[in-house]
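# Structural description and commentary
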Amino acid sequence: MLGNNSSSSPNSTACSQSVAGGVSKLLLMVLLTVTITLGNVVSLMVFLGVKQFRTSQGYLKASLALADLAVGLIVVPYSVYREVNVLAYGMERETGRSERLACFITGPIFAGCTLVSISTIFLLSVERSIAVLRPLQKKAVITKRRTICLILVSWTMSFCLAWTPIFSTSQITLRYNACSKLCNYAFPADELPGPHWNVMLLFPIFDFTLLSVTVVTNFVTFTAVHQYCKTRKQLGGEPQTGGRLAFSDINAAKTIGILTFAFLTSFSPIAVFVVGSVMGYLWCHFSFYAFWILTSNSCWNVAIYSVWDPKFRQGAKELFNRVMLKSTSQHPSHSLERHSSSPACVVVFKEMFHPENTR
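Residues numbered from 1 in each chain as written. Predicted model: local features only at pLDDT ≥ 70, side-chain atom pairs only at ≥ 80, totals over all residues. Heavy atoms only, no water.

## Section: empty space enclosed by the protein
Scanning the entire structure with this criterion turns up two cavities of 30 Å³ or more. By volume, the largest cavity is sized at about 80 Å³. Around the largest cavity sit D68, V71, F110, C113, T114, S117, F263, L294, T295, N297 and S298, which together line it. Elements that contribute at least two residues to the lining of the largest cavity include exactly α2 (56-89), α3 (97-133) and α8 (284-296). With four residues, α3 is the largest single contributor of residues to the lining of the largest cavity. Here the lining of the largest cavity is built from residues that sort into five nonpolar, five polar and one charged. Roughly 40 Å³ of internal volume is contained in the second largest cavity. What lines the second largest cavity is V75, Y78, S79, T106, G107, F110, L182 and C183. (1 Å grid on protein atoms, 1.4 Å probe; cavity = no way out; pocket = protein on both sides within 12 Å on 5 of 7 lines; lining within 4 Å. Points joined across faces, edges and corners; volume = space filled by probe spheres on them. Helix = DSSP H or I, 4+ residues; strand = E, 2+ residues; numbered from the N terminus. Nonpolar A, V, L, I, M, F, W, Y, C, P; charged D, E, K, R; others polar.)

Shown next as structure tokens:
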């Protein structure tokens, strides 16, 4: 009796620790789902609903928020669903065609939205660099139509790149990973790393190349901002050469620099994991932290805007006050106003493709 009890005690302890760890990870996923969704819904409402944000920079930030929102609405909830099944029924692998199909949807969405975020941050850095270095030519170079075209190219290129490993070789598939708790690209378990697996290196090479260019762009921008502020302080006024930099331009450049640093920090563990996987290393615990640090980046942007961007706080407050006024005013003329005014989405699309000289 005592022998049996003592032998079963370590097993029960290990089982309870495993369940506690699974519940903790599940709670983290639920928390991320809520924060990512709410934060990016607020960001989209501000960038598309407040008139002062219907600019090229605002559309780029809305594109970034949309990519993060897709992660919060599609990718993370599927992981929650799978982990609930694991805790409730002990199902570790795909049990049917629907689970495999779900992985072939959520996997490329996660990879594609990550690439969209990187390319959008790059475009934001270029936009701010032009605004700081060439303030007089800013309106001529940075137009809404060009920005919309670049956003469409960014999304198309990113999702084509996300599907490249699947179409390039039959040795790579998408599978729910019990370690990372996400649908990831997977290699055959019974094969050693081969040359055809090197296609996975496309992601870290592309990402770090674009991030490196983004960091250099931000460095050039910050150098110009520092020189401008130094010259203005020495002269006691605005410099005579070049255009005048507004405080909002300088503050926006700082905000985008922080966005770049945050994404670079969150993406670096994933790059290390991908390179290690191609070389044949199995890092189970590290993969969970690497992937979910990157996933948590989807809720960082709205926090960065709220802390570093006074215009975003003002826009959120204005939007909140507008919603509160609409909810408290229940007049009979409300239905007439609803028919007389165009929906917000229609107004946004009109302004996206409206000539730049009519603001």
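## With respect to the pairing of strand β2 (residues 182-186)
In terms of burial, β2 is largely enclosed, as five of its five residues are buried. In this sheet, β2 lies alongside strand β1 (residues 173-177) in antiparallel orientation, the contact comprising five bridges. Residue pairing for β2: Y176 is matched across the bridge by C183. Hairpin connection from β1 to β2: four residues lie between these consecutive antiparallel strands, with K181 at a positive phi of about 65°. (Buried < 20%, exposed > 50% of the residue type's maximum accessible area, 1.4 Å probe, protein only. Pairing = 2+ DSSP bridges.)

## Thoughts on the packing of α2 against α3
Two elements in contact, α2 and α3, have axes separated by 9 Å at closest approach and are oriented at 155°. As far as their axial angle goes, α3 and α2 are roughly antiparallel. The two elements α2 and α3 cross, and the hand of that crossing is left-handed. When grouped by side-chain class, the residues that make up the contact of α2 with α3 number 18 nonpolar, five polar and six charged. (Axes fitted to C-alpha atoms, helices over the stretch in contact; angles between N-to-C directions. Parallel < 35°, antiparallel > 145°, perpendicular 65-115°, else oblique. Left-handed = near helix turned anticlockwise from the far one by under 90°.)

## Things to note about the state of the cysteines
Defined simply, a disulfide is a covalent bond joining two cysteines at their sulfur atoms. Using the criterion set out here, one finds two disulfides in the structure. A sulfur-sulfur separation of 2.0 Å characterises the disulfide bridge that pairs C103 with C183. Between C103 and C183 the disulfide shows an S-S torsion of about -75°. By sign, it is left-handed. Here C103 is found in helix α3, whereas its partner C183 is found in strand β2, with 80 residues between them in sequence. Take the cysteines of the protein that form disulfides and number them in order along the sequence; they join up as 1-3, 2-4. (Disulfide = S-S within 2.5 Å.)

## Re the environment of I130
On the secondary structure map, I130 appears in helix α3. The partly exposed category is assigned to I130, whose relative accessible area is 23%. Considered as a pair, I130 and V141 are 11 residues apart in the sequence and their alpha carbons are 8.2 Å apart. Look past the residues within four positions of I130 in its chain and what remains in contact with it is P135, K138, V141 and I142. (Contact = heavy atoms within 4.5 Å.)

## A look at the nonpolar core
Within the largest apolar cluster, 67 residues are counted, with the highest numbers of intra-cluster contacts made by Y185, M200, F267 and W292. It is α2 that provides the largest number of residues to this core, a total of 12 residues. With residues near it in sequence (within four places) discarded, F267 still touches T114, I118, D207, F208, L211 and L294. Counting six residues, the second-largest nonpolar core is a separate cluster that includes A224, V225, I250 and A253. (Core = buried A, V, L, I, M, F, W, Y, C linked by side-chain atoms within 4.5 Å.)

## Here's the deal with the packing of aromatic side chains
On inspection of all chains with the given rule, the structure shows 16 aromatic pairs. An angle of 75° between the planes, with centres 5.5 Å apart, marks the rings of F47 and F53 as edge-to-face. There is no split in this pair, since F47 and F53 are both buried. Judged by centre distance (5.9 Å) and plane angle (10°), the ring pair of W155 and F159 falls under stacked. Of this pair, W155 and F159 both sit in helix α5 (residues 144-168), separated by four residues, roughly a single helical turn. Taken together, the ring pairs in this structure connect F47, F53, Y305 and F312 into an aromatic cluster. Taking the ring centre of F288 as reference, the NZ or CZ of K25 above it sits at 4.5 Å. The positively charged end of R82 is found above the aromatic ring belonging to Y176, 4.4 Å away from the centroid. (Phe/Tyr/Trp six-rings, centres within 6.5 Å; stacked < 30°, edge-to-face > 60°. Lys NZ or Arg CZ within 6 Å of the ring centre and 35° of its normal.)

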